[in-house]
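The chain contents come next:
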Amino acid sequence: MARDGEDAGMVKAAKVKRQRKKKTKENKTRTVHANILYDNAKGEENPNRHYANNKIKTTKYTLLSFLPKNLFEQFHRFANVYFVFIALLNFVPVVNAFQPELALAPVVFILSVTAIKDLWEDYRRHRSDKEINHMDCLVYSRVERRYVEKYWKEVRVGDFIRLRCNEILPADVLLLTSSDPDRLCHIETATLDGETNLKQRQVVRSFFDLDCDFDPTKYNSIIECEKPNNDLNRFRGYIIHRSGRRDALYKENLLLRGCTIRNTEEAVGIVIYAGHETKAMLNNNGPRYKRSKLERQMNVDVFWCVIILLVMCLFAAVGHGLWMFQYGDKRPVFDVLSPEGTDLSPIMSAIYLFLTMIIVFQVLIPISLFVSIEIVKICQVFFIHQDMDLYDEETDSHLQCRALNITEDLGQMQYIFSDKTGTLTENKMVFRRCTVAGVEYSHDANARRLAMYQEMDSEEEECTSHGGTLPRRDSVTSHQSARVVLRSQSTKSHRRTGSRAEAKRASILSKHTAFSSPMEKDITPDPQLLDKVNECSSQMDFMRFHSQPMSQLPSDLSDIIDFFIALTICNTVVVSSPNQPRQKVRMRFELKSPVKTIEDFIKRFTPSRLTSGSNSSSSSSLITNRSSNRGCSSILSSPSAESTLTKLDEEKPPNLEHTFSPVPPCYSEKAWAVAEGELRYEAESPDEAALVYAARAYKCSLVGRLPDQVTVELPHLGKLSFELLHTLGFDSTRKRMSVVVRHPLTDQITVYTKGADSVIMDLIKPPNTGNSKGKRQKKIVYRTQNYLNLYAADGLRTLCIAKKVLTKEEYACWLQRHLEAETAIQGREELLFESALRLETNLHLLGATGIEDRLQDGVPETIASLRKAGLQIWVLTGDKQETAVNIAYACKLLEPEEEILTLNADSQEACALLLEESLHYIQAKFLCSSADHAAKAFTANFAPFEIYPSSSPSSSSVPFMVHRLGLVIDGRTLAYALDKSLEDKFLAVARSCRSVLCCRSTPLQKSMVVKLVRNKLKVMTLAIGDGANDVSMIQVADVGVGISGQEGMQAVMASDFALPRFRYLQKLLLVHGHWCYSRLANMILYFFYKNAMFVALIFWYQFYCGFSGSAMIDQWYLIFFNLMFSAFPQLITGTLDKDVSAETLQQLPQLYISGQNSEEYKPYMFWMNMIDAFYQSLVCFFIPYFAYADSDVDLFTWGTPITTLALFTILLHLGIETKTWTWMNWLSISFSIALFFTVALCYNASCPTCYSPSNPYWTMQRLLQDPLFYFLCVITPVTALLPRYFYRACQGTLFPSPVQVGRQLDKLPAETRRNILSLSRVKVGSPLSTKPPFLSLAKPLPKGSNKTEKGSFPSPKASQGSILQTHDTRKCHKRSQSEPLGPKHSEKSLSDLYTLMSTEGDTLPYTKDSQCLDKTLDVSVSSWITSTPQTDSVELPPDRGSSQCVRYTRNSEEGLGSEPSVHQPGRRTEQRPEPASLTTS
Amino acid sequence: MIAAMMASSYNAKEEDGHHSGSSSHGGAGAVKSKKPDNTAFKQQRLPAWQPILTAGTVLPAFFVIGLIFIPIGIGLYVTSNNIKEFEVDYTGVDINSPCYSCAKNFSWNSTQSCVCSVNFTLEQPFESNVFMYYGLSNFYQNHRRYVKSRDDSQLNGDLSALMNPSKECEPYRTNDGLPIAPCGAIANSLFNDTLDLYYVDSNSTKTPIPLAKKGIAWWTDKHVKFRNPSGNTNLTVTFQGTTKPVNWRKPVYELDPSEADNNGFINEDFIVWMRTAALPTFRKLYRIIQKKSGTTPTLPSGRYILDITYNYPVLSFDGRKRMILSTISWMGGKNPFLGIAYITVGSICFFLGVVLLIIHHKYDTRNNSADIPN
């Protein structure tokens, strides 16, 4: 497996090389001609001949190349080369130690196992390739003048392909024509990115107007496009027509290989990229290969083994030289001459012997270790894969391990970097509330409805905790009765189908949509707002009826209707009907293309046609237009503007009234009444859909969307079709999207913009304060901003809705430049961006929405337990600061009793200053608590056992850690802080904070933060995220985890592990990570021990055979000992051993710390194991030595018992180290022993003359008759294992590791355990804390003071932060045992804290008028505080426990009207901590 | 292996996930839940015994081991002590030694054998069968190249190997163009001293003690491993075309002139020698003195004379030669080590048990649920 990654790399490298060669010919672009033009020409003249054909070959080998290539690859691993070298060394007669053929056996065995595995995998790939290569598609043939069926592999670049509905695309195809009247083609990209919604692709524009059937023979354009690349979302190029005209090509024109054509009967395209050059194939890289920390550590020790080996060989060589030397010239009879009969000098023999010893001792470098580790890891992956707890029923997905060899890294994580949206939250956007024209509609009923879902969740999933619910403002009790009713209804409906999860899953499976749960769709409208909407629309209806201009409508009412129209149309939602899945709802009242050219614009907006809205006459005009085009053979002759204009002028303009009834009500009702309620919306981002559903709740429903028009149904007004002039899509730099429509009622060109509040608010037209309207406008802006802050504080995602009315001249002017930008080839993106900026200015604010992104189930619990496990959790999000902070509170990332350092700076200097201040502040905090213990805690790593000399109850008064700080930093400041000059300071601050929250961070920043922490702090990092913006961070981290959620598969593709939900991280890390780590660590240590012990036996023997390299162990045993006799039990233990049960591991996350500190495998342990191995081998050697001293025993009759004893000792050693004995362990150990004796007996009975030199005929049989053998077998293992056994027993009693305490918990009866654990969960600190085992070690403890905290974790150096925290929490918890527990903060401090949050919002640039705001804030904040998640805090006695030095908060007075960057440091100094009253209760 | 298979299947699935996925997509495929099986094995919930090593749980084991080992040790020690053993070094290093001159002058090249006699006295009579060993010290029969230097096929009577011995025998493979039988360094260095034992009774008459030379080799060696080449009737004919090892005086078929079927490769002295010793100080069984019927001891106490035909030079490598007389018990020759080892280990275990008991009482008195804070 390890090699696969490399191979992929190699293959790719080769490919790149090939491409590079081509590049010289082709320079930067690819030019594609149609193949049919060259069909009759010779192959060499075809300009497309250089491009890869569509045949794919993912296999690595051919029949011929398999053996050499596979061997070559295997020899890339150093270990294999080493063992082959040793095996070959055996063929040199002077140095050979074993029979040469036999010495090859292990290497050949290992190589062939791997080769067979590779072969099998390759065969599977070959089969799947073949299947794919032989799929059919229709390719145009010049000879037959029609489309003929061909295999995929025969498709070439430049071929014309005809695609039918539900066909899979064989290659990357440029869409030239489609049967769809809109010239669209819908594709499903699920196989590429996992997104299930349909994507629209457009026919290349110059082919757009071609109504006649596309005739490939007439095609004579040339396509210039980019070189093949793997960016799925990028395609640029242009098409050059014969006339010399160029048309730009976009990614919307390209159909990607692997996608499926949907909803389109037929489409024709030309192949641009084929085979391995398609984007899908370029994106398809195999499993990833990473080297885990444990493996790195292991490699160091393998290196040490090499040193030990060389030392031993050298020692033996010198010994042999001396031994030879002592005989001088008189050669004794037993010193045989070399085969040639020549005499060797002592020095030469020593040199030869050195090589011989390397062969004899080769086992010290564990050949089987690498194979065993791979096997064990794969079994671990299998078990992780099989875990039911990691299976998500809703999505029918379970955890995927995409990287197979870093499972044990999961047990060693120290930092978690998490995305917020979609990772912590569900990324299921639910409309919560909105504000329109400065009036807030709180949607109480909606909130209740959501609360109900929440409860149902917890009820049905038996999730008892309510900690995960978001703070709710409304008091719950007053609506209880209503809720009961509601719940009984909905639960009834769910009970019918069984569990809710099942129901959800069923709905997902049947409808293929992710956005279908009733929670998201059924929005309960606010009655007040609903009334207004009704009123407004009825007025409009009235006005329309009376032909009054719409501008007479009161502005607040028009704002409301505009608001909903914006919600409905300003998006990219696709409407579909569930009855015909995947069938786009067609509602075509007219045929009209969107404005694409300036001629088009003139055509449509000439005064005569101004009123043509959506009536039949206009469509007929276009039809004539089209039909006039139909005859033409070339699509290139676009109608000239003039001719069109004249043509249009001749037509009779339709009258005004007609426009106002675009859809006769009766018609619409008939057609749509049935399907109305069942329309489904598919959106690219969930919040778009949420808004559309919200609008639908107010009867403003989106009923159809076409590229050029949007149809909306409004109450009283019926269906209105908005002519869609332009869509400026969402992008992350603009953070907004806009649509330009022609309003059918007012006939104005209107821009609706929806976007992040921070950007929209900047684009609002500054109100003219002179008149009342302007004042009102100003007020609205302020109010809206105020509400926005509240929404954010509530953890809602906020969006602002604005509009702008354009005059035709303005629009024409803008359009002119926009079209220029669109057709530009160089720098098109920038130009389009600028163009969008020009449009989106001077907006009129309509309102704002608050969308709730609900926390995923169990997120707060997961975070809490991960944190208890000593993991530092950083959240990196693109969301705004307030939203992020509040989500952080909701998911318990920040806790109310925590202080928060907020870093917002707008210059490098300010940032430096802020960091400096924060550092001082943190240090000051240390000092302030130094009177007590914190200072000592600070120096804990120097004197680990002196931290809390005697914790008498009175002195333990610092319940909070110095590290109990939260750091909030925004993207801009982060950019400064990540600068080389400041990064160290930033890290210093950040690492002393318990949680870090980076808001508004870009994907690049995310990865920079991860990289910084990983490289500078030398810690293990895990990044978890779900979206494309997390990919870079996932790739940078040691372990990347992707959430296979709603945002496609990019994150999953980049990840090492893919989880269905965030909360599974808990089990993955705490249980599987811990297990994998401890299993592998123990197995590796055991391997080193085992080999060293076995080899040392032979080493000791050298002292008794003249250092001649002789071995008393039969060479067969020697070679197969590792491979067979002792191999299975360790594999079983390495796969199945559980040091602590899963339940306990999850309930006591503290046990994870052992993995973080690498406590199972520390460098000294290797040496301890080596020493133990040498001791044990001494015992195993010398007991038989003395027992057989001066007897007539022969070499192998003496060696065989030693082998047996070593086997027993090694197996029993494993037994001591095995924590869980299942029948598999028993079986494997007995199997090993049985195997040894069976093999030995058969081997010893098989051949009287073979197996030179040992010739062990009947040896074992005789041994078994010898009582001495049995006596040896009893005493030797006992003696050998005595020290270890004794040590383990003492360790278990005197200084047990936390892990062992966990195991002891396991042993308790379930009942008791549950009690203890539940008890401990209530506590803040670690339940282990009060266990005596943690304490002892240090000397004289007063009786009964067993419960004092003593250095339980010896010298926590690396991650002292977490350790200290444990100490402290324990301390605090110990003291507070007898007292009511709960968040330790007073109401006051809480309010302070939240005021801080809100005032920070105030300092946003556009809310300068703080006075008017202040009032609203006061009200809202106070009302809100009562419903914060920590409501129970109110019951607490004030002041209780919150005796930390100084709460670092800012008062609201300070916050107002001040420039944040200038004042913040100042404020902080004002708050300079003084030792506060350390209250103890 | 099973694991490997499982792994590779998993891996392959992973790797070609993309395109196989796309190919199967068209068929819509039966929707099959991926839910893992809820079996104890797959969920890692196999019933298990989870021993926890603490002083409390371990100390019974120590006491049990101690209690079992000490009696065994005593038993073994007593058994070993009951064995009678007598040893005579006849190397002739000392100038007073009767074999001094033989040792001094003798080398492999000597053609004439040297004879010397050693007198010794047995203080105690040897009751049961007495085994007569010769012992060599500092003789590295376990040297790597020495151990290999033999041809088992030849010794097994393989005719082709007889005439064309294995390369392993080099440089003792051929001599003067003729294959050596038996080839190799081991055979070449065959121990060829002859030992004769005489009992000197009170009136100084020498009574030879009958020494049985049958049954000193392993039965399997004598009957399976070592065989003369076929055509057993006349060994001289059989071994025609071969030559004797360089150091040998007599060819292999004349090793035992007294007994015809103890010649060739199946000569028991030869077989015993060919079983290379494990350690540089070793003994090899030379003769067996069968117990006489009745109550007379096999070897009564008294004076004995050992006549040695001194053929085997050991002084060049500082070797020693000994003659050992020993009775044996059910567990072999005299060796008090194992008994002592059992007693020692037993005692240590007992002692450690006590230490653990103390530790247990001092630090481990809690029972697990009692120490939970309340």
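Owing to the predicted nature of the structure, the values given are computational and were not obtained by experimental measurement.

Conventions used here
Residues numbered from 1 in each chain as written. Chains lettered and ligands numbered in written order. Predicted model: local features only at pLDDT ≥ 70, side-chain atom pairs only at ≥ 80, totals over all residues. Heavy atoms only, no water. Helix = DSSP H or I, 4+ residues; strand = E, 2+ residues; numbered from the N terminus. Buried < 20%, exposed > 50% of the residue type's maximum accessible area, 1.4 Å probe, protein only. Contact = heavy atoms within 4.5 Å. Areas by Shrake-Rupley, 256 points an atom, 1.4 Å probe, with all protein chains shown as cover. Axes fitted to C-alpha atoms, helices over the stretch in contact; angles between N-to-C directions. Parallel < 35°, antiparallel > 145°, perpendicular 65-115°, else oblique. Left-handed = near helix turned anticlockwise from the far one by under 90°. Pairing = 2+ DSSP bridges. Salt bridge = Lys/Arg side-chain N within 4 Å of Asp/Glu carboxyl O. Phe/Tyr/Trp six-rings, centres within 6.5 Å; stacked < 30°, edge-to-face > 60°. Polar contact = N/O pair within 3.5 Å; in protein donor to acceptor, adjacent residues only side chain to side chain. UniProt positions renumbered as here; feature names shortened; annotations may be inferred. Disulfide = S-S within 2.5 Å. Core = buried A, V, L, I, M, F, W, Y, C linked by side-chain atoms within 4.5 Å. Patch = residues over 30% accessible without salt bridge, like charges linked within 9 Å, V, L, I, M, F, W, Y side chains within 5 Å. pLDDT = per-residue confidence, 0-100. Buried area = accessible area lost by both parts, 1.4 Å probe.

Chemist: So what exactly am I meant to see when it comes to the overall build of chain A here?
Modeler: Helix and strand counts for chain A come out as 51 helices and 35 strands. Here chain A holds 1481 residues, and 63% of them are scored as buried. Taking as baseline every contact in chain A between residues at least 6 positions apart, the subset at least 24 positions apart corresponds to 76%. Carbon and sulfur atoms form 59% of the exposed surface of chain A, whose accessible area is close to 54,300 Å².

Chemist: Would you mind going over the packing of helix H4 (residues 100-133) of chain A against helix H36 (residues 1115-1125) of chain A with me for this structure?
Modeler: When two helices pack together, their arrangement is given by the angle between the helix axes and the distance between those axes. All names here are of chain A. Packing of H4 against H36 brings their axes to within 9 Å, and their N-to-C directions diverge by 15 degrees. Judged on the interaxial angle alone, H36 and H4 are roughly parallel. Here H4 and H36 pass one another in a crossing that is right-handed. Counting all contacts with H4, which are made through Leu102, Ala103, Ala105, Pro106, Phe109 and Ile110, the residues of H36 involved are Gln1115, Trp1116, Ile1119, Phe1120 and Leu1123.

Chemist: Looking at this structure, I do not really get the sheet that holds strand E10 (residues 246-249) of chain A. What am I missing?
Modeler: Picture the strands of a sheet paired through backbone hydrogen bonds; they go either parallel or antiparallel. Residue and element names in this part refer to chain A. Strand order in this open sheet of four strands is E1-E8-E9-E10, and the pairing throughout is antiparallel. The open sheet has two edge strands with one neighbour each: strand E1 (29-32) and E10. Looking at each pair of strands side by side, their axes are set apart by 20 degrees on average, direction ignored.

Chemist: Whenever I open this one, the pattern of salt bridges confuses me. Can you help?
Modeler: Working definition: two side chains of opposite charge can pair if their charged atoms are close together. Residues and elements named next belong to chain A. Following the criterion strictly, the structure yields 43 salt bridges over all chains and no others. Two residues, Asp1038 and Arg1014, come together in a salt bridge whose shortest N-O distance is 3.5 Å. Highlighted residues: Asp1038 in the loop between helix H33 (1031-1036) and strand E34 (1039-1043) and Arg1014 in helix H32 (residues 1003-1017), separated in sequence by 24 residues. The class for Asp1038 is buried, based on a relative accessible area of 11%.

Chemist: Is there a simple way to think about the sheet that holds strand E30 (residues 899-903) of chain A in this case?
Modeler: Residue and element names in this part refer to chain A. The nine strands lie next to each other as E16-E35-E34-E33-E17-E29-E32-E31-E30, forming an open sheet whose pairing is mixed. Two strands bound the open sheet, and with one partner strand each, they are strand E16 (400-401) and E30. The sheet contact formed by strand E33 (residues 1021-1025) and E34 spans four bridges and is parallel. For Ala1023, the partnering residue across the bridge sits in E34 and is Gly1040.

Chemist: Would you take a moment to explain the packing of aromatic side chains for this structure?
Modeler: Given two aromatic rings, one states the distance between the centres and the angle between the planes to describe the pair. Residue and element names in this part refer to chain B. Taken as a whole, this structure holds 88 aromatic pairs over all chains when the rule is applied. Arranged with centres 5.6 Å apart and planes meeting at 15 degrees, the rings of Phe120 and Tyr304 form a pair that is stacked. Placement of the pair is Phe120 in strand E2 (residues 114-122) and Tyr304 in strand E9 (residues 302-310), with a sequence separation of 184 residues. Note on accessibility: Phe120 and Tyr304 belong to one class, buried.

Chemist: Sorry if this is basic, but what is going on with the side chain of B:Arg150 here?
Modeler: All names here are of chain B. For Arg150, the position within the fold is in the loop between helix H5 (144-148) and helix H6 (152-155). Separated by 2.7 Å, the side chain of Arg150 and the backbone oxygen of Met274 make a polar contact. Excluding residues within four positions of it along the chain, Arg150 makes contact with Leu155, Glu168, Cys169, Cys183, Ile186, Phe226 and Met274.

Chemist: Honestly, the UniProt feature "domain: P-type ATPase C-terminal" (unreviewed entry) in chain A in this entry has me stumped. Any pointers?
Modeler: Following the UniProt record, one finds the feature "domain: P-type ATPase C-terminal" (unreviewed entry) at residues 1052-1297 of chain A. Measuring from the first to the last C-alpha atom of residues 1052-1297 of chain A gives 37 Å, for a span that is 73% helix and 1% strand.

Chemist: Sorry, what's going on with the state of the cysteines here?
Modeler: Disulfides are covalent bonds that connect the sulfur atoms of two cysteines. If you walk through the whole model with that rule in mind, you get four disulfides over all chains. Across the disulfide from A:Cys1247 sits A:Cys1250; the S-S distance is 1.7 Å. Between A:Cys1247 and A:Cys1250 the disulfide shows an S-S torsion of about 75 degrees. By sign, it is right-handed. The residue that forms a disulfide with B:Cys102 is B:Cys114, at a sulfur-sulfur distance of 1.6 Å. The sign of the -70 degrees torsion about the S-S bond sets the B:Cys102-B:Cys114 disulfide as left-handed. Here B:Cys102, found in helix H4 (residues 100-105), pairs with B:Cys114, found in strand E2; they are 12 residues apart in sequence, far enough to count as distant. The class for B:Cys102 is buried, based on a relative accessible area of 2%. Each bonded cysteine of chain B gets a number by its place in the sequence, and the pairs then read 1-4, 2-3, 5-6. The structure places no disulfide on A:Cys225, whose sulfur is separated from the nearest cysteine sulfur, that of A:Cys259, by 17 Å. Note on A:Cys1180: no disulfide assigned, nearest cysteine sulfur contributed by A:Cys1273 at a separation of 10 Å.

Chemist: Even after reading the chapter, I still don't get the nonpolar core, so can you show me in this structure?
Modeler: In a soluble, globular protein the nonpolar side chains are often hidden away together inside. A:Phe361, A:Phe1088, A:Tyr1161, A:Phe1181, A:Trp1198 and B:Leu356 are the most contacted members of the largest nonpolar core, which has 138 residues in total. Among the elements that take part in this core, helix H35 (residues 1064-1102) of chain A stands out by supplying 20 residues, more than any other. The residues contacting A:Phe1181, other than those within four sequence positions of it, are A:Leu1097, A:Trp1100, A:Tyr1101, A:Tyr1104, A:Met1112, A:Trp1198 and A:Ile1202. Core analysis: the second largest hydrophobic core is formed by 72 residues, A:Val333, A:Val336, B:Tyr286 and B:Tyr304 among them.

Chemist: Before we go on, may I ask you to explain helix H27 (residues 881-890) of chain A in this structure?
Modeler: Since there are 3.6 residues in each turn of an α-helix, residues three or four apart along the chain are aligned in direction. Residue and element names in this part refer to chain A. Of all 10 residues in H27, 10 are buried, a share of seventy percent or more. Listed in full, the buried residues belonging to H27 are Gln881, Glu882, Thr883, Ala884, Val885, Asn886, Ile887, Ala888, Tyr889 and Ala890. Lys892, located one to two residues past H27, shows a positive phi value of around 65 degrees.

Chemist: Any chance you could explain a nonpolar patch on the surface here in plain terms?
Modeler: All names here are of chain A. On the surface, Val300, Phe303, Trp304, Ile307, Val311 and Trp1167 cluster together into a nonpolar patch covering about 540 Å² of accessible area. Among the elements that line the nonpolar patch, the one with the most residues is helix H7 (residues 293-327), at five residues. Relative to the helices and strands, Phe303 is located in helix H7.

Chemist: Quick question: what am I supposed to make of the confidence of the model for chain B here?
Modeler: On average, residues of chain B carry a pLDDT of 84, and 88% of them reach 70 or more. Scored by ipTM, the complex comes to 0.92, with pTM at 0.74.

Chemist: Would you explain the pairing of strand E25 (residues 736-742) of chain A in this entry?
Modeler: Side chains on a regular strand alternate between the two faces of the sheet. Residues and elements named next belong to chain A. Of all seven residues that make up E25, seven are buried, and the element is covered over most of its length. Here E25 shows no split at all, with Arg736, Ser738, Val740 and Arg742 on one side and Met737, Val739 and Val741 on the other all buried. Here seven bridges tie E25 to strand E26 (residues 749-755), and the two strands are oriented antiparallel to one another. The residue bridging Arg736 from the neighbouring strand is Gly755, located in E26. From the end of E25 to the start of E26, which pair antiparallel, there are six residues, and Asp747 there has a positive phi angle of about 60 degrees.

Chemist: Help me understand the confidence of the model for chain A, please; the structure alone is not making it clear to me.
Modeler: Low pLDDT means the predicted atomic positions in that stretch should not be read closely. Residue-level pLDDT values for chain A average 71, and 69% of them are 70 or greater. Note that residues 579-595 of chain A has pLDDT below 50 and, in this model, 73 contacts with residues that lie over four places away or in other chains.

Chemist: Quick question: what am I supposed to make of the UniProt feature "transmembrane region" (unreviewed entry) in chain B here?
Modeler: When the UniProt feature table is mapped onto this chain numbering, "transmembrane region" (unreviewed entry) sits at residues 52-78 and 337-359 of chain B. Between the C-alpha atoms that bound residues 337-359 of chain B the distance is 32 Å, and the span itself is 100% helix and 0% strand.

Chemist: For this particular structure, what's the right way to read the interface of chain B and chain A?
Modeler: Reports often express the size of an interface as the amount of accessible area lost when the parts come together. Residue-level contacts link 117 residues of chain B with 144 residues of chain A. A combined buried area of about 11,600 Å² lies between chain B and chain A, and 65% of that area is made up of carbon and sulfur atoms. Inspection of the chain B/chain A interface yields four salt bridges. Salt-bridge contacts for B:Arg275 lead to A:Asp1194; the nearest nitrogen and oxygen are separated by 3.0 Å.

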